[in-house]
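Report on the structure
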Amino acid sequence: MELESFAPVFKLLKIYDSIQDPNLRADANEALGYFYTSTFEFETAIAYFSKALDDYHASSQWMKFAETSKQLAMIHCDLKQFDAAEKVLLKSLEIAQTHYLGFYILKPLQEITILYSYHKNKPKEAIVYGKLFIEKLNKFKSEGIDNADFNYSKTIDAAIVNLEMENSYLKLKQYDNAKYHLEKSLDFFLPSDDQEKLTRIYKHLFTWALQTNQEKSVTLDYLERFYTYNTGYYLDYVTSIRGRVNNIEQINNYVDKLEKEKQNYLKERGLREKITWLLVALIVLSLITILILRKLYITQKKYNKKLTEEKETLMSIDKERQLYFSIISHELRTPMFAISGLIDVLKKNKNSLKNNDDDVLTSLEASSNYLKHLIGNILIFDATKGNGDKIKIKLEEFELKEFLSFISNKFLVLAVKKDVRINLDFKNIKEDLVVYAFKDGLDQVLSNLIINAIKFSQKEQSVTIAAEQHSIPDTNKIAVKFSIKDEGEGIDEELQSKLFEFGKKFDSDEEVNTKKMEGIGIGLSVVYHLLKKCFNSEIKIDSKKQEGSTFSFTIFFDESQKLCVSKSNLEKPQNPLNILVIDDNRIALMVTKKLLENATLNCYTCTDEDDVLSIIEDKQIDVVVVDINMPYINGYEMTKLIKEKFTIPVIAHTAGEEVSVSDEKVIQAKIDDVLIKPYSARDFKVKLDKLNFGLINT
């Protein structure tokens, strides 16, 4: 399409503001809606089509109202605003039922059939409106109407309705009805060689053939035709888009030209007035300039001194930044190399590693734990500097003794490597004490202090992790004092005041001894900020040269009031649980299946496009694990469908840390619990334990 074909639109834009006649104004709004749709400016197109609808409604032009409603709904669908499209179309149908529109009622009926079938995945509703379309169409055919718009409705619109009805019947597994409408749509679109429609038809024919166990030759023929038309449609689509992009560039150039002409006109009209004001302004500015120069002369030295100080500060910050990223580059590569190297060893030496694979996997797990810890430090450190997201505090219940044992075991390999002993010392800690607190934050604090203690310990020395409980009368709170003690060489008193500020415990002009000072130097800074911002606590140091160091802090916990079910009293299932994992990522499905099967659970997998309800019923599923973000149907909607028919628990697993059981969407969908990826088999069993399956010790 050449630029000259848009000349009427450009003329309309020039005179738009001067149009007073309501009917002309309505038609102008509709025309501009079509124009901005062609230039991909959909939000502007929506605005003009909405104005046109208001004008047609006010002037009772119901046929134009129906046609414009269809166009507006199509744009909403292109923008995935399906609820808005539904609202527009239902309003149009309401108008059609109140005011006789003749065959123009077919417009909203056809579009709402497409909406429910193709966009909103509501096949039953799509079939209802599709049948109503066909019923109305047959009635108008019998009246012998000879009209271009009606001819379009009874041919192309009818063929598209057949296409959407077969799609809906296919989803409902009503294969005979689906085949009937497939053949009707194929009979129409095959002679026209409509690449897009034929792509959909042969895709659905292929699906129908698979699901009805047709002969292999028939199924493969449908598949081959699907690929042929799909390729042709893609090439045609690319060519069309390129042409429209060229038109948009020409249109934008012309619009820019119109805008420049408008600006020139405004400049010429106000030129004399501006000149007058300019002369006045020049006089005033001259006086102000004299005063400013005098002021600048007096304060020049002051500002120069300040600029010098700021320059030095910026240079210091830049040195810290360079130091930070230099060390972090080294530290990130180290565990990653260990992980990739160990995996390579496992791949290439499967037979020779049979006697040593526990050691290899233990080393691999240790490297992975350290890398997770390091990444956690980086994210928290970045948040404390105001560069990243705020620290996300997630409160949860956990057994304190079990938690401290888990933390110490995480770094056992690191301690053994240096021949350092790790001791646990519990004082007045009640058995099975369950607290409610920021577990991940406490994990990060203790991990940093333990790593530091091991780092600065010598061979055959000990690191002691102590926890001492103090009750607070007349409250449900308890105070626990944590301390990490090492027997290393101690810390100079002068250095102690700088420990919690990154960069200030090093001289950045000297080479950093990365062998001795392993880590990226932000661990204690992370400890300081986490305790201060998340636990309302502070770190204390007791250290003398050659006598070791003790880092301690106190945290006030809410002691959980929930009943703690003894693990020995939980009723364990006689047979392994049947778990169904739903995810659109097949690699994620494979990994999860291996993880759960190694944990002695029966694991079945499927994607969001499979018949999930039938699988649950056939396999007698006990627990469903569903991903949140899936393209065909998301985890929230999938859970709602499952809960409507079954009473089994549903656990959502997701890589997004912002999802939790307290989210409104999670509560509305009746999701029972949330797992954040990556997680271990033990993490999964803990969730099952909370659901009273009693698998924590299995």
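Below: a short report on this structure. Only a predicted model underlies this, so the values are computations on that prediction, with no experimental measurement involved.

1. Quick notes on the overall build of the protein chain
Secondary structure summary: the protein chain contains 23 helices and 12 strands in total. Counting only residues that meet the buried cut, the protein chain has 41% of its 698 residues in that class. Here the protein chain has roughly 41500 Å² of accessible surface; of this, 52% comes from carbon and sulfur atoms.

2. Quick look at a positive patch on the surface
Taken together, the side chains of Arg 294, Lys 295, Lys 302 and Lys 306 present a region of like positive charge at the surface. Structurally, Lys 306 is set in helix α12 (residues 271-348).

3. Brief notes about the nonpolar core
In this structure, Ile 201 and Tyr 202 are the most contacted members of the largest nonpolar core, which totals 69 residues. Among the elements that take part in this core, helix α8 (residues 148-171) stands out by supplying nine residues, more than any other. Counting 45 residues, the second largest nonpolar core, distinct from the first, contains Leu 404, Leu 449, Phe 482 and Ile 522.

4. What to know about the layout of surface pockets
Approximately 2200 Å³ is the volume attributed to the second largest pocket. Lining the second largest pocket we find 40 residues, and of these Asn 121, Lys 171, Asp 608, Tyr 632 and Ile 633 sit closest to its centre. Of all the secondary structure elements, the ones that give two or more residues to the lining of the second largest pocket are α6 (106-119), α8, α10 (195-211), α20 (612-619) and α21 (635-645). The element contributing the most residues to the lining of the second largest pocket is α10, with seven residues. Residue composition of the lining of the second largest pocket, grouped by class: 15 nonpolar, nine polar and 16 charged.

5. Focus on the sheet that holds strand β8 (residues 578-582)
Here we have five strands laid out as an open sheet, ordered β9-β8-β10-β11-β12, and parallel in their pairing. One side of each edge strand has no neighbouring strand; the edge strands of this open sheet are β9 (602-606) and β12 (673-676). Along the sheet, successive strands turn relative to each other by an average axial angle of 25°, direction set aside. Bridge count for strand β11 (residues 650-654) against β12 is four bridges, and the pairing is parallel. Looking at the pairing, Thr 654 lines up with Ile 676 of β12. Across the sheet, helix α19 (residues 586-598) is in contact with β8, β9 and β11; its angle to β9 comes to roughly 170°. Together, β8, β10 (623-627), β11 and β12 form the strand contacts of helix α23 (residues 681-690), whose direction differs from that of β12 by roughly 170°.

6. Examining unusual backbone geometry
Of all residues except glycine, most have a negative phi; of all peptide bonds, most are trans. Even without being glycine, Asn 213 reaches a positive phi, approximately 55°. Mapped onto the elements of the fold, Asn 213 is located in the loop between α10 and α11 (216-269). The phi angle at Thr 600 is positive, at roughly 60°, despite the residue not being glycine. Its location among the elements puts Thr 600 in the loop between α19 and β9.

7. A few points about the environment of Ile 114
With respect to the helices and strands, the residue Ile 114 is situated in helix α6. Residue classification places Ile 114 among the buried residues on the basis of a relative accessible area of 13%. Sequence separation between Ile 114 and Cys 77 is 37 residues; the distance between their C-alpha atoms is 9.8 Å.

8. Quick word on the packing of aromatic side chains
Here the structure, examined in full by the defined rule, presents 16 aromatic pairs. With centroids separated by 5.1 Å and ring planes inclined at 90°, the aromatic side chains of Phe 188 and Phe 189 adopt a geometry described as edge-to-face. Note that Lys 179 overlies the ring of Trp 208, its terminal NZ or CZ placed 5.0 Å from the centroid.

9. Focus on the packing of helix α4 (residues 62-78) against helix α5 (residues 82-98)
Running from amino to carboxyl end, α4 crosses α5 at an angle of 165°, the nearest separation of the two axes being 8 Å. The orientation of α4 relative to α5 falls into the category roughly antiparallel. Where α4 crosses over α5, the handedness of that crossing is left-handed. Between α4, through Trp 62, Phe 65, Ala 66, Ser 69, Lys 70, Leu 72, Ala 73, His 76 and Cys 77, and α5, the contact on the second element is made entirely by Phe 82, Ala 84, Ala 85, Val 88, Leu 89, Lys 91, Ser 92 and Ile 95. Among the residues forming the contact of α4 with α5, the class breakdown is 12 nonpolar, three polar and two charged.

Definitions and limits used
- Residues numbered from 1 in each chain as written.
- Predicted model: local features only at pLDDT ≥ 70, side-chain atom pairs only at ≥ 80, totals over all residues.
- Heavy atoms only, no water.
- Helix = DSSP H or I, 4+ residues; strand = E, 2+ residues; numbered from the N terminus.
- Buried < 20%, exposed > 50% of the residue type's maximum accessible area, 1.4 Å probe, protein only.
- Areas by Shrake-Rupley, 256 points an atom, 1.4 Å probe, with all protein chains shown as cover.
- Patch = residues over 30% accessible without salt bridge, like charges linked within 9 Å, V, L, I, M, F, W, Y side chains within 5 Å.
- Salt bridge = Lys/Arg side-chain N within 4 Å of Asp/Glu carboxyl O.
- Lys, Arg positive; Asp, Glu negative; His and termini not counted.
- Charge placed at Lys NZ, Arg CZ, Asp CG, Glu CD.
- Core = buried A, V, L, I, M, F, W, Y, C linked by side-chain atoms within 4.5 Å.
- 1 Å grid on protein atoms, 1.4 Å probe; cavity = no way out; pocket = protein on both sides within 12 Å on 5 of 7 lines; lining within 4 Å.
- Points joined across faces, edges and corners; volume = space filled by probe spheres on them.
- Nonpolar A, V, L, I, M, F, W, Y, C, P; charged D, E, K, R; others polar.
- Pairing = 2+ DSSP bridges.
- Axes fitted to C-alpha atoms, helices over the stretch in contact; angles between N-to-C directions.
- Contact = heavy atoms within 4.5 Å.
- Phe/Tyr/Trp six-rings, centres within 6.5 Å; stacked < 30°, edge-to-face > 60°.
- Lys NZ or Arg CZ within 6 Å of the ring centre and 35° of its normal.
- Parallel < 35°, antiparallel > 145°, perpendicular 65-115°, else oblique.
- Left-handed = near helix turned anticlockwise from the far one by under 90°.

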